[in-house]
Amino acid sequence: VQSRFMVCIMSGASSKLAVFLFGCYSLALGVCAEEHCAADPHRADYYVAAVYEHQAVLSPNPLALTSRKQALELMNQNLDIYEQQVMAAAQKGVQIIVFPEDGIHGFNFTRTSIYPFLDFMPQFIRWNPCLEPHRFSDTEVLQRLSCMARKGEMFLVANLGTKQPCFSSDPGCPRDGRYQFNTNVVFSSNGTLVDRYRKHNLYFEAAFDTPPKVDHVTFDTPFAGTFGVFTCFDILFFDPVVRLLRDSDVKHVVYPTAWMNQLPLLAAIEIQKAFAVAFGVNVLAANIHHPSLGMTGSGVHSPLKSFWYHDMENPGGHLIIAQVAKNPQGLVGTENAVGQMDPSHSKFLKILSGSPHCEKDAQEVHCDENADWNLNTPPVFYSEMMYDNFTLVPAWEKEGYLQVCSNSLCCHLLYKRPTLSKELYALGVFDGLHTVHGTYYIQVCALVKCGGLGFHTCGQEITEASGIFEFHLWGNFSTSYIFPLFLTSGMTLEIPDQLGWENDHYFLRKSGLSSGLVTAALYGRLYERN
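Residues numbered from 1 in each chain as written. Predicted model: local features only at pLDDT ≥ 70, side-chain atom pairs only at ≥ 80, totals over all residues. Heavy atoms only, no water.

## Quick notes on the state of the cysteines
The condition that has to hold: By convention in this document, the label disulfide applies to cysteine sulfur atom pairs within 2.5 Å. Only DSSP runs of H or I reaching four residues or more are called helices, and only runs of E reaching two or more are called strands; each is numbered from the N terminus. Buried residues are those whose accessible area, probed at 1.4 Å on protein chains only, stays under 20% of the maximum for their type, while exposed residues exceed 50% and partly exposed ones sit between those limits.
In total, this model carries 5 disulfides according to the counting rule given. Disulfide partner of C411: C445, at an S-S distance of 2.0 Å. Looking along the S-S bond of the C411-C445 disulfide, the torsion reads about -85 degrees, which is the left-handed sense. With C411 in strand β22 (residues 409-416) and C445 in strand β24 (residues 440-449), this pair connects stretches of sequence that are 34 residues apart. A residue is classified by how much of its surface remains accessible, and C411, at 0% relative accessible area, is buried.

## Some thoughts on the packing of aromatic side chains
Geometry of an aromatic ring pair is reported as the spacing of the ring centres plus the angle between the planes. The following threshold applies: Between the rings of Phe, Tyr and Trp (Trp by its six-membered ring), a pair exists once the centres lie within 6.5 Å; its type follows the angle of the planes, with under 30 degrees stacked, over 60 edge-to-face, and the other angles tilted.
Under the counting rule described, the total for this entry stands at 35 aromatic pairs. Their ring planes at 70 degrees and their centres at 4.9 Å tell us that Y203 and F233 sit as a pair that is edge-to-face. Linking Y203 in the loop between β9 (193-198) and β10 (218-221) with F233 in the loop between β11 (225-229) and α3 (238-247), this pair joins segments that are 30 residues apart in sequence. When its relative accessible area of 26% is taken as the criterion, Y203 is described as partly exposed. Exposure remark for F233: the relative accessible area of 8% places this residue in the buried category.

## Considerations on empty space enclosed by the protein
Basically, it comes down to this: Cavity means a closed set of points on a 1 Å grid over the protein atoms alone, one where a 1.4 Å probe fits but cannot get out, pocket means an open set with protein on both sides within 12 Å along at least 5 of 7 lines, and lining means a residue has an atom within 4 Å of a point. Grid points are joined across faces, edges and corners, and a volume is the space filled by probe spheres set on the points. Under the convention adopted here, Pro, Cys and the residues Ala, Val, Leu, Ile, Met, Phe, Trp and Tyr are nonpolar, Asp, Glu, Lys and Arg are charged, and Gly plus all remaining residues are polar.
In total, this model carries 3 cavities of 30 Å³ or more according to the counting rule given. Reported here for the largest cavity is a volume of approximately 50 Å³. Residue lining of the largest cavity: L265, L266, M385, M386, D388, F390, H434, Y440, I442 and Y523, and that is the complete set. Those elements that provide at least two residues to the lining of the largest cavity are β20 (388-394) and β24. Here the residues of the lining of the largest cavity sort into 8 nonpolar, 1 polar and 1 charged. Taken together, K273, V277, P484, F486, E494, I495 and P496 form the lining of the second largest cavity. Counting only elements with at least two residues in the lining of the second largest cavity, the list comes to α4 (268-279) and β26 (482-488).

## Some remarks on the sheet that holds strand β13 (residues 282-287)
Condition: Two strands pair under a simple rule: DSSP has to find at least two bridges between them. To define axes, lines are fitted to C-alpha atoms, for helices over the stretch in contact only, and angles between the resulting N-to-C directions are given on a 0 to 180 degree scale.
In spatial order, the strands read β10-β11-β12-β13-β14-β15; together these 6 strands make up an open sheet with mixed pairing. Edge strands, defined here as strands with exactly one partner in the open sheet, are β10 and β15 (305-309). Neighbour to neighbour, the strand axes of the sheet diverge by 15 degrees on average, direction disregarded. Summarising the sheet, β13 and strand β14 (residues 298-302) pair through 3 bridges and their orientation is antiparallel.

## Considering helix α5 (residues 343-353)
This is how the line gets drawn: The reported arc concerns the directions from the helix axis to the C-beta atoms and nothing else. Contact criterion: two residues are considered in contact whenever any of their non-hydrogen atoms come within 4.5 Å of each other.
For α5, the full list of buried residues reads H345, F348, L349, I351 and L352. One side of α5 holds all its buried residues, which, seen down the axis, span an arc of 160 degrees. Within α5, the exposed residues directed more than 90 degrees away from the buried face are P343, K350 and S353. For α5, the elements touching its buried residues are β21 (399-406), β22, β25 (470-475), β28 (498-502) and β29 (505-510).

Shown next as structure tokens:
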């Protein structure tokens, strides 16, 4: 079983018709692990980035009250590790480094118990905490981070807890007279505090407040232009993420996170990669490392390549360093993708031209069937996946065409399998409001490997598979915000051969899997229905 990964995926060619061919090599892109680096910091079209997956030193009792001195003693243990990583990265020519959410102070605090761990955050002004340490009190963490950035001569992004006093005249001011925010800070290479972002979409974080106004934060760098900033659970919501990318010239995102993996659809590296592909941006994602809590998975992702780390077995942090294109090449085509006319794609287009469709009346969903491709209709069944009740059909055959519908969404799968494995795969659909661990509306078409041979095992968390597929997966989505989730055996990221809209349907096409398929899904977000 693979447990540790550092992988490069790179495109070999592309065309205006959004047909993409892929190969893989690392030296030309400069993938770097902790000990080795082939990056050339002088290449004009690339910059050198690092993310650090950190196993935080945690408070033994986060509910207990403690002093500022004791809080700083614990946080300085984590900051010592950060400083070691900054200096290691500096030796490799890194220009920007990202650290994870909760990496300095930890988690599971109450509003009261976290207070000694909070730094004061002044109303935004240009300030260099390393050079002006006495300007504000209770800023020891900011001072250390500033000095790290200055010493390493790199931009530095980190997450910490901050406090800001407020007054009773402020209608949003908490009773204790202060705001407490989950905050990302950005320092320039000379240690100047460039900006801060306060997390908007909190994930059961009783210690923190939602900011009165949404922060849409970008910062400019001399080496790669404009970066956007957000945190963890934000990635699933319109604000600040979609508005930030829609309304600004952001090509790169820094993303501190403390993400608990949830398969088959929301593993950390899976959603990070899907976001990079969906928006055509680079994502520098730093996750916290606590395998016992299901927390691992960091990476430097562009639409056409990824360097990632996922390790559920070994303790300790991990530094990823990679060369990143200043202008990421996108994967999603803007034109109708009518590229290579191999037999499978010709069949896909033929089905689509007379595609079955779904209509929903007051009682039930009616789906017209295309007799040419539904000679042996498999049984429809229901199973829970990610706490949602999916409607599924089994993919039993060596090749076939499947269709399954829910509400207004119909999902389709055209597939071939070189050999049949002793595994159950199923095509599932969900069109509705997700209500567990967050509330948000999704439309999902998913081809998944089930946990066993029984229908009830479809949707269970698995990481290993041997089933090889060549397939087209598509659906009549009601949103343009669709994230392609794609995992193969051993938590390996895959890239579609082709992705985009065709005849009002969004599709994903793939042949030549590197290993057995775990998940291939189109995950649509209907933000307006939350």
